[in-house]
Structures are given as C-alpha cells and as structure tokens.
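Residue-level listing of the chains:
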Amino acid sequence: GQQLNQSPQSMFIQEGEDVSMNCTSSSIFNTWLWYKQDPGEGPVLLIALYKAGELTSNGRLTAQFGITRKDSFLNISASIPSDVGIYFCAGRYGGSQGNLIFGKGTKLSVKP
Amino acid sequence: ETGVTQTPRHLVMGMTNKKSLKCEQHLGHNAMYWYKQSAKKPLELMFVYNFKEQTENNSVPSRFSPECPNSSHLFLHLHTLQPEDSALYLCASSQSTGTSGRAMVFGPGTRLTVL
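Residues numbered from 1 in each chain as written. Chains lettered and ligands numbered in written order. Predicted model: local features only at pLDDT ≥ 70, side-chain atom pairs only at ≥ 80, totals over all residues. Heavy atoms only, no water.

> Can you walk me through the overall build of chain A in this structure?
Along the backbone of chain A there are 0 helices and 11 strands. For chain A, the α and β elements follow one another from N to C terminus as β-β-β-β-β-β-β-β-β-β-β. By the compact-globule yardstick of 13 Å for 112 residues, chain A fits well, its C-alpha radius of gyration being 13 Å. Each of the three principal axes of chain A carries a C-alpha extent, and together these read 40 × 30 × 20 Å. Residue pairs in contact within chain A that sit at least 24 positions apart in sequence constitute 53% of those at least 6 positions apart. Counting only carbon and sulfur atoms, one obtains 51% of the accessible surface of chain A, whose full area is about 5200 Å². (Helix = DSSP H or I, 4+ residues; strand = E, 2+ residues; numbered from the N terminus. Rg over C-alpha atoms; globule rule 2.2 N^0.38 Å. Contact = heavy atoms within 4.5 Å. Areas by Shrake-Rupley, 256 points an atom, 1.4 Å probe, with all protein chains shown as cover.)

Printed below as a string of structure tokens:
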C-alpha cells in the first residue's frame, strides 16, 4: 500500500535554531498537508500545498510541494519553546478528503 | 478550540463493556470522520460520513459501530474491544468529502484504554 516516510523521527534542538523535516513517498500526491499535534490534542493544520513546486509560508513556517509530487518539506525558522510537539505530513492521492496518507510524525523538542 | 469537540476525553473500559464516543462539530460541515491514532503508527482512517451517509469503512472490525444521526454529530459505539484497540480516537470534519474546500479539522480526541 501507499506509505509516507517522514524524517527525522525526533529532533532535540536549541531555541533559536532552524528546523527542517521532510516526507517522501514512491507514490504521487495531489495535495500535501502539514499538521502539528500538541500533547492531549488533535492535529491542527499548519500549511496546505496544492500544486507541485508550490512554496508557502505561515509565519516562521515554510513548506514546499516537491516538483516530482512525491515529497514535501517543512522548515521552522528561529524555533521557540512553543514549537514543541509532533509534526505530521499527509499526502492526498485522490478526490476525497479521506484519501489521506499520514506520516508517522516528527517529535520536536526545544531546549530554552 | 477547533470547533470539533469530543467526549469523553479519556475512557477506560473492560473487554466486556459497551461504551460510546461522541463527536460534535460547530462548523457547519457536512462530512465527518473517525481516525485511530496508535503509538508509533500513522493515523488510520476508520469511517467517513457525508451528509449522514457512510461512504467509507476501512475494513474496521464490527466491534466498532459508527452512527451519524445528523451532520453535526458522530458516534462510535464500542463493544467487546481488545487491549490492542487502546489508542487515541480522533474525530474530524470538513465542508464536504470533496477536495475543493479547506482541509479537515480535527477534534482533541478520546484516549481509550481497554483493560
């Protein structure tokens, strides 16, 4: 079946550092979504990407839809303690909202 | 507060119990979803409802029984569960199941422990 490889699995960084994580697949997707999940909460959408090559920012977050449509990355600049959480990528492969494949997540820890 | 609420937030049940999870969305959406989130595994789609009609059942065991009485409410009835069913159960909603609208919005989840 379709799978997403999300890396790294976890990151432990110093406050102020930049962060980069990515998702890759052997399958083609028509949409890439990036979510953040805080402890005890559900995932919250950060950035949605709808076209190959698209580069979108949301504050200190920047994400890109890979030109091959098989990958996406998320960058966080100048990390702060509240960036702590688990970041998920999700790729959509069909014409329904439910046609989503999720990555296993990147757990981010930030040291003040 | 995302506009999708779930109750209870935590549930502990024995394998012979019957319980129900409730989800309510205040966003005027027409599609609702149940996801299972287990440790170290990707989110797994369980059920999809569009305008109260079930449109997807991802080979979920019959011990999980969904119910969608209207577009704002979604239930997951549980009976004779197994310990491996312990997980975070997430409800989500979207304007429709089509992709022209914004991405789905998740609730905070119900942490289920089966003893």
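After presenting the structure, the write-up continues.
> Please clarify how the interface of chain B and chain A should be interpreted in this entry.
The figure often quoted for interface size is the accessible area lost as the parts come together. Contacts between the two partners involve 23 residues from chain B and, on the opposite side, 20 residues from chain A. Regarding the contact of chain B and chain A, the summed buried area is about 1700 Å², with carbon and sulfur atoms giving 55% of it. Of all residues in chain B, T99, A103 and F106 of chain B give up the largest surface area on contact with chain A, accounting jointly for 28% of the area buried on that side. Scanning the region where chain B abuts chain A turns up 1 salt bridge. Between R9 of chain B and E41 of chain A there is a salt bridge, with its nearest N and O atoms 4.0 Å apart. (Buried area = accessible area lost by both parts, 1.4 Å probe. Salt bridge = Lys/Arg side-chain N within 4 Å of Asp/Glu carboxyl O.)

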